Amino acid sequence: MDTLTSIMTRRSIRQYTDEDVTTEQLLTLLRAAMAAPSAGNQQPWRFVAVRDADVRARLAEATPYASPIGRAPLGIVVMADTRENKHPGFWVQDCSAATENLLLAAHAIGLGGVWIGVHPHVDRAAAITQIVHPPEGFAVLGMIAIGHPTSPGPQVDRYHAEYVRTDGWDE
Ligand SMILES: Cc1cc2nc3c(=O)[nH]c(=O)nc-3n(C[C@H](O)[C@H](O)[C@H](O)COP(=O)(O)O)c2cc1C
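Criteria and thresholds
- Residues numbered from 1 in each chain as written.
- Predicted model: local features only at pLDDT ≥ 70, side-chain atom pairs only at ≥ 80, totals over all residues.
- Heavy atoms only, no water.
- Phe/Tyr/Trp six-rings, centres within 6.5 Å; stacked < 30°, edge-to-face > 60°.
- Lys NZ or Arg CZ within 6 Å of the ring centre and 35° of its normal.
- Salt bridge = Lys/Arg side-chain N within 4 Å of Asp/Glu carboxyl O.
- Helix = DSSP H or I, 4+ residues; strand = E, 2+ residues; numbered from the N terminus.
- Buried < 20%, exposed > 50% of the residue type's maximum accessible area, 1.4 Å probe, protein only.
- Near = heavy atom within 4 Å.
- Polar contact = N/O pair within 3.5 Å; in protein donor to acceptor, adjacent residues only side chain to side chain.
- Areas by Shrake-Rupley, 256 points an atom, 1.4 Å probe, with all protein chains shown as cover.
- Nonpolar A, V, L, I, M, F, W, Y, C, P; charged D, E, K, R; others polar.
- Contact = heavy atoms within 4.5 Å.

Peer 1: A description of the packing of aromatic side chains should follow, citing residues and the corresponding values.
Peer 2: Think of a pair of aromatic rings as described by two things: how far the centres are apart, and how the planes are tilted against each other in angle. Enumeration over the complete set of coordinates arrives at zero aromatic pairs. In this structure, R165 packs its charged tip against the face of W169, placed 4.1 Å from the ring centre.

This is the structure:
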């Protein structure tokens with residue numbers, strides 16, 4: 001699938017078949033995530049891949065709207081190691097770019113997923129930290145549920161000409 005097709009046809013997928021995500025597919029997804037741009041190329045992203053059903057169930061309960069993690073065969077917790085960032089604060093954009101890369105790659109190889117937002121809710125990040133226990137100084141950006149879609153997402157075009165101005169925002 002070419003890049004533009006993946007971007008334009010990706011949808012959040014929250015229902016999955018029983019089919020597993022292979023180790024090779026997981027590696028493809030993580031490699032795509034780590035190919036993302038980051039501030040000063042600092043690559044602060046760190047990932048916990050969660051296959052264990054009990055751990056996924058706990059993650060699904062840890063924050064609101066996280067139930068897809070409990071249903072999917074694979075959950076991924078996206079975190080940043082903020083301890084030695086050359087460009088502090090940019091970890092949010094860096095890890096968001098990695099998350100979107102991963103979702104687009106998943107769609108391109110026939111999988112489906114959904115971004116579960118955590119940051120900037122510190123209580124949600126704390127609940128997830130309790131479950132996957134990263135080192136001190138790691139920050140949780142979010143989670144991603146990944147699996148085989150039960151059905152394709154709807155096709156939409158969200159282009160809005162009124163969201164755009166040229167050379168300045170003159171009404
Ligand atoms: C920062 C962020 C947080 C999100 N959090 C959740 C979430 O907690 N649970 C969920 O089911 N979807 C979540 N989503 C997915 C959005 O609901 C979805 O992207 C949006 O409705 C647009 O639909 P689409 O992804 O199919 O284009 C999140 C998306 C983003 C970018």
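Picking up where we left off.
Peer 1: Quick one: what's the story with the pattern of salt bridges, residue by residue and with numbers?
Peer 2: Two side chains of opposite charge can pair, provided their charged atoms sit close to one another. Throughout the structure, instances matching the rule amount to four salt bridges. In this structure, the salt-bridge partner of D20 is R51, at a minimum N-O distance of 3.5 Å. Taken together, the positions of D20 in the loop between helix 1 (3-9) and helix 2 (23-33) and R51 in the loop between strand 1 (45-50) and helix 3 (53-62) put the pair 31 residues apart, joining distant regions of the chain. Looking at D20, the relative accessible area reads 47%, which means it is partly exposed. For R51, a relative accessible area of 32% gives the class partly exposed. Measuring nitrogen to oxygen at the nearest pair gives 2.9 Å for the salt bridge that ties R83 to D81. A residue is classified by how much of its surface remains accessible, and D81, at 14% relative accessible area, is buried. A network of salt bridges, in which partner residues are shared, links R46, D81 and R83.

Peer 1: Explain the site of the ligand to me, and be specific about the residues and the numbers.
Peer 2: Near the ligand the following residues occur: R10, R11, S12, R14, Y65, V114, W115, I116, G117 and R158. Here an oxygen atom of the ligand and a side-chain polar atom of R11 are 3.1 Å apart. W115 is positioned such that a nitrogen or oxygen atom in its backbone is 3.0 Å from a nitrogen atom of the ligand. In isolation the ligand has 610 Å² of accessible area, and contact with the protein removes 61% of it. For the shell around the ligand, the class distribution of residues is four nonpolar, two polar and four charged.

Peer 1: Provide a residue-level description of the environment of V164, including the pertinent values.
Peer 2: Tracing the backbone through its elements, the reader meets V164 in the segment after strand 4 (138-147). Aside from chain neighbours lying at most four places away, what touches V164 is Y159 and W169.

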